[in-house]
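A structural walkthrough
Letter by letter, the chains look like this.
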Amino acid sequence: MKRRILSICVCLALLFSVSVTYRTDAKMTNSAVKFLKGKWYSASCGEGGSNWYVEFTKKYAKKYTYNSEKMKYVYSGKGVIKSVKKISSGYRIKIKDGKTKYTYQSAKKDKNKLEYYGTWNVSEFSNTYSGSYSLSRTKKQKQIKILSDSKLVEKLGNFEMSGVDLTAKYIEYIRTLKVKKYPSGIYGVIVDAGMPVLLVTDSVVEYSEDKLYSAHASLYAYNFKQNKVEYIGIIDSTGSGYPLLISDGYVIGGFHHSSKRLTVKDGIGELDVIDNLFLDKNELIHKVYSVSDGKKTKTLTEKIPVTDSESEEKYDYYSQALINEDGSYNEDKYVCFEKLTIKA
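Residues numbered from 1 in each chain as written. Predicted model: local features only at pLDDT ≥ 70, side-chain atom pairs only at ≥ 80, totals over all residues. Heavy atoms only, no water.

Some remarks on the pairing of strand E19 (residues 228–236)
Across a regular strand the side chains alternate sides, sitting on one face of the sheet and then on the other. Burial analysis of E19 places seven of its nine residues in the buried class, the great majority of the element. Counted along the chain from strand E18 (residues 216–223) to the antiparallel partner E19, the turn is four residues long, and its residue Asn227 has a positive phi close to 55°. (Buried < 20%, exposed > 50% of the residue type's maximum accessible area, 1.4 Å probe, protein only. Helix = DSSP H or I, 4+ residues; strand = E, 2+ residues; numbered from the N terminus. Pairing = 2+ DSSP bridges.)

What follows is the structure in structure tokens.
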């Protein structure tokens, strides 16, 4: 009898062990595959338009990155789909790529946009959202084209430096952009960030009829030595609640516990970042990077001791630029983009 009970216990143990060693990779349903069909382009843009796009299969999120030498997108890797959940706006897809875990989630009221969050934990979404890593799907639509030179001058303004008509140089560069890579159109503005620079994005939020703001943009600057416009890099914020700012020669991005600002000196970008804001850690992390052609090289890392939130506030570049002494917002600091394309 004891032997029989022992045998039953062993069998139950084996059954239990089998039940918990299931395969963690998930397969998307046919309806999910159909919903996510197509090429999903990154909001992060470079010389060839979007820097990469993603295609979804039942098991993987396959990534294709733009190769400037080959002038085309090439396969660059894949993330394994670990979880797929139907939600009211579409789907929430949890992905693992090596040690990196992230989530794509359908945007509310727009099935052709997937928002990126650098976590699987929904409660952490507000702190891990990235506009530049979010995706938009190319839709069948009328072809778009760039406005005439006169219209572009009217929208961008006249900027000159050291005898060079920078507006004309930037318009020449805008015409090299591949409009088909920007399904939502191209938006741009010239601002003073150490020198007149060109900001370009394909994603804006319309705050009013004549005010278009964005949380991310590609920055281009004219190189006087090379006599050409060069791509510097991306400047972004945590989301539409933190539109890019322009103040005192810097383009500024804001996050919940971080603040960054980008300027251009002698054709090279300088990115200044403050981390650990308002986390009660008694010290902030200050980093400075040299930025060129989308690549960052760290030039400084230092710890800044702080005693309270008031002592931290002066290092919050975003709030310092946006909020007046009376607590009101200085809306003139928002970067206001202009639409540079029309439907043909």
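Having seen the structure, we can now continue with the description.
Comments concerning the sheet that holds strand E26 (residues 338–339)
The five strands lie next to each other as E19-E18-E15-E14-E26, forming an open sheet whose pairing is antiparallel. Strand pairing shows two members of the sheet lacking a second neighbour, E19 and E26, which therefore form its edges. Of the strand pairs in this sheet, strand E14 (residues 187–192) and E26 are connected by two bridges, and their pairing is antiparallel. Across the sheet, residue Gly188 finds its bridge partner in E26, namely Glu338. Strands E14, strand E15 (196–201), E18 and E19 of the sheet are contacted by helix H5 (residues 166–174), whose axis makes an angle of about 120° with E18. (Contact = heavy atoms within 4.5 Å. Axes fitted to C-alpha atoms, helices over the stretch in contact; angles between N-to-C directions.)

Digging into the pattern of salt bridges
In total, this model carries seven salt bridges according to the counting rule given. In this structure, Lys155 and Glu338 form a salt bridge, with 3.6 Å as the shortest nitrogen-oxygen distance. Linking Lys155 in helix H4 (residues 149–156) with Glu338 in strand E26, this pair joins segments that are 183 residues apart in sequence. What makes Lys155 partly exposed here is its relative accessible area of 31%. For the salt bridge of Asp236 with Lys260, the shortest nitrogen-to-oxygen distance reads 3.0 Å. Here the residue Asp236 occupies a position in strand E19, and Lys260 occupies one in strand E22 (residues 258–265), the gap between them amounting to 24 residues. Like Lys260, Asp236 is buried. (Salt bridge = Lys/Arg side-chain N within 4 Å of Asp/Glu carboxyl O.)

These figures capture arrangement, not role.
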